[in-house]
Amino acid sequence: MEYFFQQVINGLTLGAIYGLIALGYTMVYGIIGMINFAHGEIYMLGAFISLIAYLVFSSIGGGSVALALLAALLVTMVFTALWGWVVERMAYRPLRGAPRLAPLISAIGVSILLQNFVQIAQGARVKPLPPVIQGGITLDLGAEIALSISWLQIVIFLLTLTLMVGFTWIIARTSLGRAQRATEQDMKMAALLGVNVDRVVSTTFVIGAALAGVAGMMVTLYYGVIDFYIGFIAGIKAFTAAVLGGIGSLPGAMLGGLLIGLTESLWSAYFSIQYKDVATFAILVGVLLFRPSGLFGRPDVEKV
Amino acid sequence: MEDSSPPLIRSAALAALLAALLALPLLGVRLVDSANGLSLSGRPELVAWAAGGVFCGRLIIDLFRRWIRDFSIRLPVPPPPPEWTRFGVGWALALFALVLPFLPFADRNLVDKATMVLIYIMLGWGLNIVVGLAGLLDLGFVAFYAVGAYSYALLSMTFGLSFWVCLPLAGLFAAAFGLALGFPVLRLRGDYLAIVTLGFGEIIRIVLQNWQDLTGGPIGISGIERPSLFGLSFKAVPPEGQTGFAEFFGLNYSADHRVIFLYFLILALALATNLFTLRIRRLPVGRAWEALREDEIACRSLGINPTTIKLSAFALGAMFAGFAGSFFATRQGFISPESFTFIESAMILAIVVLGGMGSQIGIVLAALLLVGLPEWFRDLQMYRMLAFGAAMVLIMLWKPSGLLSSRSPTIRLGGRA
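Predicted model only: the values in this text are computed from it and were never measured. The numbering scheme is per chain: residues are counted from 1 as the chain's sequence reads. As they are written, the chains are lettered A onward and the ligands numbered 1 onward, keeping that order. A pLDDT threshold of at least 70 governs which residues receive local features in this predicted model, and a stricter bar of 80 or more applies before side-chain atom pairs are shown or counted, although totals over entire chains, interfaces and linings include all residues. Side-chain calculation: all heavy atoms of the structure are included, whereas hydrogens and water are not.

Caption draft 1: Representation of the overall build of chain B in the model. Helical segments are the DSSP runs of H or I of at least four residues, strand segments are the runs of E of at least two, and each set is numbered from the N terminus. Within chain B one finds 16 helices and six strands. Between buried and exposed lies partly exposed: a residue is buried under 20% and exposed over 50% of the maximum accessible area for its type, with that area taken using a 1.4 Å probe on protein chains only. In chain B, which comprises 417 residues, the proportion classed as buried is 48%. A fraction of 73% describes how many contacts in chain B between residues 6 or more apart in sequence connect residues 24 or more apart. In these tables, accessible area is a Shrake-Rupley quantity obtained with a 1.4 Å probe, and a residue counts as shielded only by the protein chains included in the view. Accessible surface for chain B amounts to roughly 20,600 Å². Of this, 68% is attributable to carbon and sulfur atoms. Working rule for contacts: check all heavy atoms of both residues, and any pair within 4.5 Å makes them a contact.

Caption draft 2: Just the overall build of chain A, in detail. Of the regular secondary structure elements, chain A holds 11 helices and four strands. Per-residue burial over chain A gives 57% buried out of 304 residues. For chain A, contacts bridging at least 24 residues in sequence account for 75% of all contacts bridging at least 6. As presented, chain A carries roughly 12,800 Å² of accessible surface, and 67% of it is formed by carbon and sulfur atoms.

Caption draft 3: Here's a closer look at helix α6 (residues 175-185) of chain A. All names here are of chain A. Taken residue by residue, α6 has Gly177, Ala179, Gln180 and Thr183 as its buried positions. Buried residues in α6, looked at end-on, bunch into an arc of 160°, giving them a common side. When the buried face of α6 is taken as reference, the exposed residues oriented beyond 90 degrees from it are Ser175, Arg178 and Gln185. The directions from the helix axis to the C-beta atoms are what the arc is built from.

Caption draft 4: Geometry of the UniProt feature "transmembrane region" (unreviewed entry) in chain A. UniProt positions are given in the numbering used here, feature names are shortened, and annotations may be inferred rather than shown by experiment. According to UniProt, the positions carrying the feature "transmembrane region" (unreviewed entry) are residues 12-35, 42-60, 66-86, 98-118, 149-172, 200-222 and 279-297 of chain A. Secondary structure within residues 42-60 of chain A divides into 100% helix and 0% strand; the distance between the first and last C-alpha atoms comes to 26 Å.

Caption draft 5: Examining a nonpolar patch on the surface more closely. In this analysis, a patch consists of residues with relative accessible area above 30% that form no salt bridge, clustered at 9 Å for like charges and at 5 Å for the nonpolar side chains Val, Leu, Ile, Met, Phe, Trp and Tyr. Salt bridges are defined by distance alone: a side-chain nitrogen of Lys or Arg within 4 Å of a carboxyl oxygen of Asp or Glu. On the surface, Met1(A), Tyr3(A), Phe4(A), Tyr270(A) and Phe271(A) cluster together to form a nonpolar patch covering roughly 600 Å² of accessible area. In this fold, Phe271(A) is placed in the loop between α10 (250-270) and α11 (276-290).

Caption draft 6: Layout of the interface of chain B and chain A. At the junction of the two partners, chain B supplies 53 residues and chain A supplies 62 residues. Buried area is a sum: the accessible area each of two parts loses on coming together, probed at 1.4 Å, counted once for each and added. Note on chain B versus chain A: buried area summed over both sides is about 5,400 Å², and carbon and sulfur give 79% of it. Viewed at the interface, chain A and chain B are joined by zero salt bridges. What qualifies as a polar contact is a pair of N or O atoms within 3.5 Å, subject to a donor-acceptor requirement within protein and to the restriction that residues adjacent in sequence count only when both atoms come from side chains. Viewed at the interface, chain A and chain B are joined by four residue pairs in polar contact (both at pLDDT 80 or more). If you list the elements that add at least two residues to the side of chain B that touches chain A, you get α1 (5-26), β1 (29-34), β2 (37-42), α6 (163-185), α7 (190-210), α14 (342-355) and α16 (381-398) of chain B. Top contributing element to the side of chain B that touches chain A by residue count: α7(B), with 12 residues. Ten residues, namely Ala, Val, Leu, Ile, Met, Phe, Trp, Tyr, Cys and Pro, are considered nonpolar, four, namely Asp, Glu, Lys and Arg, are considered charged, and the remaining ones, Gly among them, are considered polar. In the side of chain B that touches chain A, the residues fall into 43 nonpolar, three polar and seven charged.

Caption draft 7: Up close: the packing of helix α4 (residues 108-133) of chain B against helix α10 (residues 256-280) of chain B. Residues and elements named next belong to chain B. α10 packs onto α4 with a crossing angle of 20° between their chain directions and a minimal axis gap of 9 Å. One finds that α4 runs roughly parallel with respect to α10. The way α4 lies across α10 gives a crossing that is left-handed. Among the residues making up the contact of α4 with α10, the classes are represented as 17 nonpolar, five polar and three charged. Lines fitted to C-alpha atoms define the axes here, with helix axes fitted over just the stretch in contact, and angles between the N-to-C directions of these axes take values from 0 to 180 degrees. Here roughly perpendicular refers to angles of 65 to 115 degrees, roughly parallel to angles under 35, roughly antiparallel to angles over 145, and oblique to all remaining angles. The hand of a helix crossing depends on one turn: near helix anticlockwise from the far one by less than a right angle means left-handed, and clockwise means right-handed.

Caption draft 8: Seen up close, the nonpolar core. Residues grouped as a nonpolar core are buried Ala, Val, Leu, Ile, Met, Phe, Trp, Tyr and Cys residues, joined through side-chain atoms within 4.5 Å. Grouped together as the largest cluster of nonpolar side chains are 212 residues, with contacts concentrated most on Phe37(A) and Ile335(B). It is α4(B) that provides the largest number of residues to this core, a total of 17 residues. Core analysis: the second largest hydrophobic core is formed by five residues, Ile31(A), Ala179(A), Ala190(A) and Val195(A) among them.

Caption draft 9: The arrangement of the environment of Cys166(B) in detail. All names here are of chain B. Along the polypeptide, Cys166 turns up in helix α6. Here Cys166 falls in the buried class, since its relative accessible area comes to 0%. Here Cys166 is in contact with Tyr152, Leu155, Ser156 and Leu161, once residues within four sequence places are set aside.

Caption draft 10: Structural view of the pattern of salt bridges. Going through the model one piece at a time under the given rule, you end up with 14 salt bridges over all chains. Between Lys276(A) and Glu264(A) there is a salt bridge, and its shortest N-O distance comes to 3.7 Å. Of this pair, Lys276(A) sits in helix α11 while Glu264(A) sits in helix α10, placing them 12 residues apart in sequence. Measuring nitrogen to oxygen at the nearest pair gives 3.7 Å for the salt bridge that ties Glu290(B) to Arg281(B). As far as the burial class goes, Glu290(B) and Arg281(B) line up, both buried.

Caption draft 11: Molecular detail of the side chain of Asp62(B). Residue and element names in this part refer to chain B. By the secondary structure assignment, Asp62 is in helix α2 (residues 44-70). Asp62 gets classed as buried once you look at its relative accessible area, which sits at 12%. Residues within four places of Asp62 in sequence aside, it is in contact with Leu8 and Ser11.

Caption draft 12: Quick look at the side chain of Thr240(A). Along the chain, the position of Thr240(A) falls in helix α9 (residues 230-245). Other than its neighbours up to four places away in sequence, Thr240(A) contacts Ile260(A), Thr280(A), Ile283(A) and Leu284(A).

Caption draft 13: Representation of the pairing of strand β2 (residues 136-140) of chain A within the structure. Residues and elements named next belong to chain A. Pairing between β2 and strand β3 (residues 146-150): five bridges, direction antiparallel. Note on β3: the bridge partner recorded for Ile137 is Ile149. Pairs of strands are assigned from DSSP output, requiring at least two bridges between the strands. Once β2 ends, the chain turns through five residues before running back antiparallel as β3, passing Gly142 with a positive phi of about 75°.

Caption draft 14: Quick peek at the packing of aromatic side chains. Note on aromatic contacts: the rings of Phe and Tyr and the six-membered ring of Trp form a pair at centre separations within 6.5 Å, being stacked when their planes are under 30 degrees apart, edge-to-face when over 60 apart, and tilted otherwise. All told, the structure shown has 24 aromatic pairs over all chains when counted by the stated rule. Ring plane angle 75° and centroid distance 5.5 Å describe the contact between Tyr263(B) and Phe264(B), whose orientation is recorded as edge-to-face. These aromatic residues form a ring-pair network of at least three members: Phe37(A), Phe228(A), Tyr229(A), Phe232(A) and Phe342(B).

Caption draft 15: Local environment of helix α4 (residues 101-122) of chain A. All names here are of chain A. Each helix should span, by expectation, one fewer than its residue count multiplied by 1.5 Å. If you check α4, its first and last C-alpha atoms are 32 Å apart, about what 22 residues at 1.5 Å a residue would give, namely 32 Å. Burial within α4 is extensive, with 20 of its 22 residues counted as buried. Taken from the residues just after α4, Gly123 is the one with a positive phi, measuring 90°.

Caption draft 16: The environment of Leu266(A), seen in detail. Residues and elements named next belong to chain A. For Leu266, the position within the fold is in helix α10. Given the relative accessible area of 22%, Leu266 is considered partly exposed. In this structure, the C-alpha to C-alpha distance between Leu266 and Gln6, residues 260 residues apart in sequence, is 9.8 Å. Discounting residues that sit within four places of it in the chain, Leu266 has contacts with Phe4, Gln7 and Phe271.

Caption draft 17: Representation of the confidence of the model for chain B. Looking at chain B, the pLDDT average stands at 80 and 84% of residues meet or exceed 70. Within a predicted model, pLDDT stands for the predictor's per-residue confidence, ranging from 0 to 100. The spread of mean pLDDT over the elements of chain B runs between helix α9 (residues 245-248) of chain B, the lowest at 69, and helix α13 (residues 306-332) of chain B, the highest at 90.

Caption draft 18: Summary view of the packing of α4(A) against α14(B). Two numbers describe how α4(A) lies on α14(B): the axes approach to 11 Å, and their chain directions differ by 135°. When the axes of α4(A) and α14(B) are compared, the pair comes out oblique. The interaxial crossing formed by α4(A) with α14(B) has left-handed handedness. Residue-level inspection shows Ile105(A), Ile108(A) and Ile112(A) of α4(A) in contact with α14(B), the latter providing Phe342(B), Ile343(B), Ala346(B), Leu349(B) and Val353(B).

Caption draft 19: Representation of the environment of Ser151(B). Inspection of the secondary structure assignment puts Ser151(B) in helix α5 (residues 142-159). Assessed through its relative accessible area of 10%, Ser151(B) is described here as buried.

Right, dumping it as structure tokens:
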């Protein structure tokens, strides 16, 4: 039983990371109806940038680990946001209105490009980072069940929660959020009513990329090893999470992420660790077959 | 011209600044892992190079655009080539491919590379049925290629069947896999389908990697039987009861014979694929593929069953991938899951898309460009995939519908309009 609860905690941590990436997929899909295949690579860039930034800040900043981490987090968000903006601007915006498959293929191109760019720039070997945040607390639940939760896991939960709340507030309350919801419903009409659609789409990519950057930093700290290839599988899993939650729905993406994280961790714990990716893909196929609109999505009707 | 030059410089400078910023963390700093953990080393010169490169590039592009606008130069639009040139080019290419191994400059190396290119041409033609004609985006095509390769390898290793018996079987197996996968997922919309097929491709690879008893896991299968020509072996010492190819024709034994034989084998397979596609496009099912690609709702209201039609395209494409896979296995004599990664799928898809989704000749050109060209630049191996990704993006931006796009239906009512 203790093992089970421990796996649930680990799964939820993983799920929080997937959920943050999934938000980027779901927002972009909601607004321009495109699968941003390169989103996983932005997350990978985030992992690398955060590692580099952390090393830089911890060498110039002196002793404080917390300060270095905070600075690295901000720098990571800024730089991944910049990458997201540039990718949208150069590879996707010119293709708005092109045949449906064109942006997807362009996105695959961006994905291959970024992967190989990082491989060449930083080398193909895995980059290890010794644990930065150590220790944790032990929860005594009685009945001889004692759960250990590391500080890092708590940080990841809190950060995800903060970002989610902030993000929901932006979408629900600010004028930017209003413009975004309007564009999502009807891009042409929103443009006629004075919404700067291009800017809204850009902002969507920027926010999504910044969140993926945070996820990248979390994974760097949590696993302690990264390489240039982590974006591909994580991207597909996050996409699965977005589909599972109902693509276009923000709480759905987060819930989907948590479910995928749980599945993966329980599957590895009880069945087989080699086939954990197969479990995720099976969920993806299953959801698309039996409930394409996901848990929270609206069923979309194809019109002539 | 004078008044507008500052913005020109300014936009280039902005682009350069952006490039420098983007490059700063990833190019400017390198992670060095040594015995005592990670350390950093700076490479500011690379950031400067990136910024400088982008500055010049942006300036040149802007100047070029301005030059076109100011002098209202129309880039010449080539007139559509007459009907016979298309056939002419096709026949000329086929003829050239036929005599290639006997040309004076063709050494073993060149024939080997041509064989590699032909495998991709065949895969491209197979995927073209799915993507180009039926309009279904398949990101897991390599799965069927893998199924073909492993079917041949396993059948030949376990039951000792010859290549010629296994070839149709491998195609059948791949087609069956295509049917099994396609049946549930083909109802999905375009981009969902793409992701599901991608997932399927990965599942196949993971299974191949982990099912050690059957597939040998990451080590793969080696020592796969080579094909023979009507029982004529290409080995230096033919096995008991068989005649060697060289002996039969009274030639001196040479290892080149097999290389040339394999070349002709894949050429025949590829041309068969091509012929099949060209023919089936004129049949009702082929026309239904193209109609479905253009407008699914209209098709449904005309009584075409989209699922069966899509399924047939999916299975046929998979079958050709299976043929190509078993050829790959017999040529290499060794297969492992490494050869069937997502990058292969992306490569084949890029060939089809680059070729213009539906154009048979376009696929030949694209395969020459994407597979043939990098083969010559082996030294730049590292940068090959980088350039490949960039090319995919740039070609989409430049021509969203491909190099030689032939979206026009194969058959028209009442002759050519």
